[in-house]
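Chain and residue survey
Read off the chains here:
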Amino acid sequence: MAARLDILLLFLFTVVPCLTLGAAFEKRTTCTPTSHGEAGVDDVPSITEAIQSCGDGGIILIPAGVVFQLGSTLSFAGCNNCEMQLEGTLKLTDDLDAWDGVKAIILLDDITGATIHSVTGAGLLDGNGLPYWTEFNEDSSYSRPTLVYIDGGSDITIENLLVRNAPNVFMSAAGDATNIHYSGLTMQAIPSNGVTPKNTDGFDIGPASQVTITNVVVDNQDDCIAFKGGANFVTVTDISCSGSHGLSIGSLGEGTSGNTVTNIFVSGATMTSSSKATGIKLWDGSSGHGVATVNNVTFNDITVDSSDYAAQIQVCYESTGTCVPSAHMLTDIVFSNFKGTTSGAEGSVVANLDCPADGTCGIIFENFEVNPPSGSAEVLCSNVPSSAGITCAGAASG
């Protein structure tokens, strides 16, 4: 009996550890692309080769201290649960002709399982926006690419990066993508040489579901987050937005499809020097426009710091003539635990709520303690029910 016990113990302490530890610490394949080291020379082919070689569960390492020039779309095709460790810099070239009309600089098209991140926190994604902003400001027909575009797919994480000067939108999740996570990002589109970086949305979300955005700082000149048609189950926590157009539902209703936004939860946002902190943008009821449905949206724990409005609902978005009444459906929309001070750009008005005349305005305000720089706070309302929990001082503007 003792001999059999000795054999069993020998097996447990030799063979079994080798099997379990070997499986647990199996080394992932790592590929490190090389850069030409020359401005304007496209390094995408080298990165693409690394993705093809290590994309099936491996690591693509962008080494620290090295700049890779992006002169064509960097596609993650071939990535299956792959990881890009961005410790150096990916920088867009300034070849305006090459990028006119291109959809994306970095494209994840129907990818299942991908992570783009920096382990050290030193990784930089540089959109080199200035020449593109300049061109667009001079010629609005110039079509600029999105910096990182997720089109379909699932289980994608982008985290712990510095992202600067997107030529257009920073991050998009669309194509019914699901299970997308953004965290630990600092995103900056900073005016330079007197040029304004227009349309630099921080995030365009939708159609997409199960999206989380957390611990993010955005400094830009358009929507901090735009919840587009098809956005569903999106959670935003701990975000700071500066210089933006705010946290925006929409715009919705321009066309006859893709006009539903549901299950949005924002909690813990500081909105500094923005045209509005939170809002809903809806087109009017003119022929050819659709009916929007916005349901189960909560803006909670919002700090307003010198933003023009704390909350805004527009039903005449982009209207230039007569605003035709619309039948948009707004239900279970909650503005709760707001505090802070507006910029004073709208005088004593801290919120402007213009609800659809022929639709539904299911909005609730709770603990809304926002004040103008001087005087008493006023809220302008149109078609807002008395049950909204807000005292209205006059009619809203669209």
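Right, let's walk through the structure included here. Per chain, residues are indexed from 1 in the order of the written sequence. Two thresholds apply to this predicted model, a pLDDT of at least 70 for residue-level local features and 80 or more for giving and counting side-chain atom pairs, whereas whole-chain, interface and lining totals are computed over all residues. The basis for the side-chain values is all heavy atoms of the structure; hydrogens and waters are excluded.

Side note on the overall build of the protein chain
Note on conventions: DSSP H or I runs of at least 4 residues are helices, E runs of at least 2 residues are strands, and numbering of each starts at the N terminus. Within the protein chain one finds 4 helices and 26 strands. With respect to the three principal axes, the spread of C-alpha positions in the protein chain is 90 × 65 × 40 Å. What makes two residues a contact is simply this: any of their non-hydrogen atoms within 4.5 Å. Restricting to contacts in the protein chain with at least 6 residues of sequence separation, those with at least 24 account for 74%. Side-chain charges in the protein chain split into 12 positive and 42 negative, and the spacing between the mean points of these groups amounts to 6 Å. In this tally Asp and Glu are treated as negative and Lys and Arg as positive; neither His nor the chain ends contributes. Here the site of a charge means atom NZ of a Lys, CZ of an Arg, CG of an Asp or CD of a Glu.

A word on the sheet that holds strand β10 (residues 146-151)
With parallel pairing, 11 strands are arranged side by side in an open sheet as β4-β7-β10-β12-β14-β16-β18-β20-β22-β24-β26. The strands lining the two open edges of the sheet, one partner per strand, are β4 (74-75) and β26 (378-382). Strands pair, by our definition, only if DSSP identifies at least two bridges between them. Inspection of the sheet shows strand β14 (residues 203-205) paired to strand β16 (residues 223-227) by 3 bridges, in the parallel sense. Considered in β16, the bridge of Ile205 is made with Phe227.

Re unusual backbone geometry
The residue after Gly206, namely Pro207, is reached through a cis peptide bond having omega 0°. Mapped onto the secondary structure, Pro207 falls in the loop between β14 and β15 (208-219). Residue Ser251 is bonded to the preceding Gly250 through a cis peptide linkage, with omega at 10°. Note on placement: Ser251 falls in strand β18 (residues 246-252). We note that Asp155 has phi near 60°; this positive angle belongs to a residue other than glycine. Relative to the helices and strands, Asp155 resides in strand β11 (residues 154-164). In this structure, Asn337 is a non-glycine residue whose phi angle is positive, near 55°. Structurally, Asn337 is set in strand β23 (residues 329-342). Burial classes: relative accessible area under 20% of the type maximum marks a residue as buried, over 50% as exposed, and values in between as partly exposed (1.4 Å probe, protein chains only). Looking at Asn337, the relative accessible area reads 34%, which means it is partly exposed.

Observations regarding helix α4 (residues 130-138)
For α4, the set of buried residues is Tyr132, Trp133 and Phe136. The buried residues of α4 occupy an angular sector of 100° when the element is viewed end-on, so they sit on one face. Within this analysis, the arc is defined by the directions that extend from the helix axis to the C-beta atoms.

With respect to a negative patch on the surface
Negative charge collects at one region of the surface, where Asp94, Asp95, Asp97, Asp100, Glu138 and Asp139 lie side by side. Note on placement: Asp139 falls in the loop between α4 and β10. Patch criteria: residues need more than 30% relative accessible area and no salt bridge. Like-charged residues are merged within 9 Å; nonpolar side chains of Val, Leu, Ile, Met, Phe, Trp and Tyr are merged within 5 Å. The Shrake-Rupley method, run with a 1.4 Å probe, gives the accessible areas here. Residue values count only the displayed protein chains as cover. Salt bridge, as used here: a side-chain nitrogen of Lys or Arg that lies within 4 Å of a carboxyl oxygen of Asp or Glu.

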